[in-house]
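# Observations on the three-dimensional arrangement
One-letter residues, chain by chain:
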Amino acid sequence: PSAADALRLEGAVAGYGDTTVLRGVDLAVPAGRVVALLGANGAGKSTTCLAAAGLVPLTAGRVRIDGADVTGLPAHRRAGAGVFLAPEGRGVFPGLTVEENLALLLREDARAEVYDRLPVLAERRAIDAGALSGGEQQILALAPALVRPPRILIADEPSLGLAPLVVEEIFQIFDELRRSGVALLVVEEKAGEVLAMADTVAFMRLGRVVWSGARSEVDDDLLTNAYLGAL
Ligand code: ATP
């Protein structure tokens, strides 16, 4: 294992009750790199995110942060160790304002930085987060990571349902975080825009990573085979 891997899953097995979803996931996310995790609906991408963040327990295998075994650590302690999860469906709280959502994770000075950096949130600070557009909600969900960069950012389908321009804005935020040394795991069902920014691509199928390699190795044939299950 490389010491520069901020996040590693080694033979991760996990599921829900009697249902095994992850069947031995091996995945490494180096510091300062973007890993795109792709795969069809139901392949186990979201479960991989939850397992990495400590929200779904492993029944076998290991999770490591900077080489340290955190398999037994609960989610709040992994957050303390630098894991930030932007879950599928945004993870913002409707019924709370933008300001109240930010206040769950950030103190006043950090919130002021958010409003400086992201004027769209400043304009909407008193508005119910549930009334924001999908893109604004995604930006709100990522804002704490932008002003207080985590060690590892895990984003589950951040582009889902968003207009291309908004996706570009969000991927710019990821690029900035990468340059500051954050390890990014970005889950998408389809290859789409995330390919352009990924350093490494990993394909999941039936609870395993069936292929991973440099973005430059990914071509149309590989993509077709990956989604058809021919890898
Ligand atoms: P999606 O794009 O649909 O999120 P995915 O690749 O992220 O796909 P997962 O969400 O990890 O896949 O789901 C993998 C399998 O686990 C699916 O068969 C799904 O039905 C099952 N699953 C997910 N969440 C639960 C849950 N809370 N309880 C039981 N089964 C679940």
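For clarity, every value in this text was computed on a predicted model and none was experimentally measured.

### Concerning the pairing of strand β10 (residues 208–214)
Bridge count between strand β9 (residues 200–205) and β10: six bridges; the pairing is antiparallel. Opposite Phe203, over in β10, you have Trp211 as the bridge partner. Hairpin connection between β9 and β10: a loop of two residues separates the two successive antiparallel strands, and Leu206 in this loop has a positive phi of roughly 50°.

### What about the pairing of strand β1 (residues 5–16)?
On a regular strand, one side chain projects to one face of the sheet and the next to the other, so that they alternate. The element β1 is extensively covered by neighbouring structure, given that nine of its 12 residues are classed as buried. Relative to strand β2 (residues 19–30), β1 is paired through nine bridges, and the arrangement is antiparallel. Bridging across to β2, Ala14 finds its partner in Leu22. Counting the residues between successive antiparallel strands, the hairpin from β1 to β2 contains two residues, one of them, Gly17, with a positive phi of roughly 60°.

### Considerations on the sheet that holds strand β5 (residues 68–69)
With antiparallel pairing, the four strands of this open sheet are ordered in space as β2-β1-β4-β5. The outermost strands of the open sheet, each flanked by one partner alone, are β2 and β5. Contacting β1, β2 and β4 (58–65), helix α1 (residues 45–53) crosses the sheet at an angle of about 70° to β2.

### Topic: the UniProt feature "domain: ABC transporter" (unreviewed entry) in the protein chain
With numbering matched to this structure, UniProt assigns "domain: ABC transporter" (unreviewed entry) to residues 7–231. Summarising residues 7–231: 35% helix, 29% strand, and an end-to-end C-alpha distance of 25 Å.

### Focus on the side chain of Arg111
Topologically, Arg111 is positioned in helix α4 (residues 108–117). A relative accessible area of 14% places Arg111 in the buried class. Setting aside its immediate chain neighbours within four residues, Arg111 contacts Glu99, Leu102, Ala103 and Leu106.

### Considerations on the packing of aromatic side chains
Each aromatic ring pair is summarised here by two numbers: the centre-to-centre distance and the angle between the ring planes. Under the defined criterion, the tally for this structure stands at two aromatic pairs. Centre to centre, the rings of Phe171 and Phe174 are 5.7 Å apart; their planes meet at 25°, and the pair counts as stacked. Placement of both Phe171 and Phe174 in helix α7 (residues 164–179) is noted, with a separation of three residues, approximately one turn of the helix. For Phe171, a relative accessible area of 9% gives the class buried. Summarising the aromatic geometry, the rings of Phe203 and Trp211 are spaced 6.1 Å apart at their centres and angled 50° between planes, so their arrangement reads as tilted. Comparing Phe203 with Trp211, the two get one shared label, buried.

### Here we look at the environment of Gly213
Mapped onto the elements of the fold, Gly213 is located in strand β10. Residue classification places Gly213 among the buried residues on the basis of a relative accessible area of 12%. Sequence separation of Gly213 and Thr200 is 13 residues, and the distance between their C-alpha atoms is 5.6 Å. The contacts of Gly213, once residues within four sequence positions are left out, are Asp199, Thr200 and Val201.

### Structural notes on the pattern of salt bridges
Following the criterion strictly, the structure yields 15 salt bridges and no others. Here Glu10 and Arg64 are joined by a salt bridge, their closest N and O atoms 3.1 Å apart. Of this pair, Glu10 sits in strand β1 while Arg64 sits in strand β4, and the two are 54 residues apart along the sequence. The closest approach of N and O atoms between Arg148 and Asp109, which form a salt bridge, is 3.7 Å.

Conventions we followed
Residues numbered from 1 in each chain as written. Predicted model: local features only at pLDDT ≥ 70, side-chain atom pairs only at ≥ 80, totals over all residues. Heavy atoms only, no water. Pairing = 2+ DSSP bridges. Helix = DSSP H or I, 4+ residues; strand = E, 2+ residues; numbered from the N terminus. Buried < 20%, exposed > 50% of the residue type's maximum accessible area, 1.4 Å probe, protein only. Contact = heavy atoms within 4.5 Å. Axes fitted to C-alpha atoms, helices over the stretch in contact; angles between N-to-C directions. UniProt positions renumbered as here; feature names shortened; annotations may be inferred. Phe/Tyr/Trp six-rings, centres within 6.5 Å; stacked < 30°, edge-to-face > 60°. Salt bridge = Lys/Arg side-chain N within 4 Å of Asp/Glu carboxyl O.

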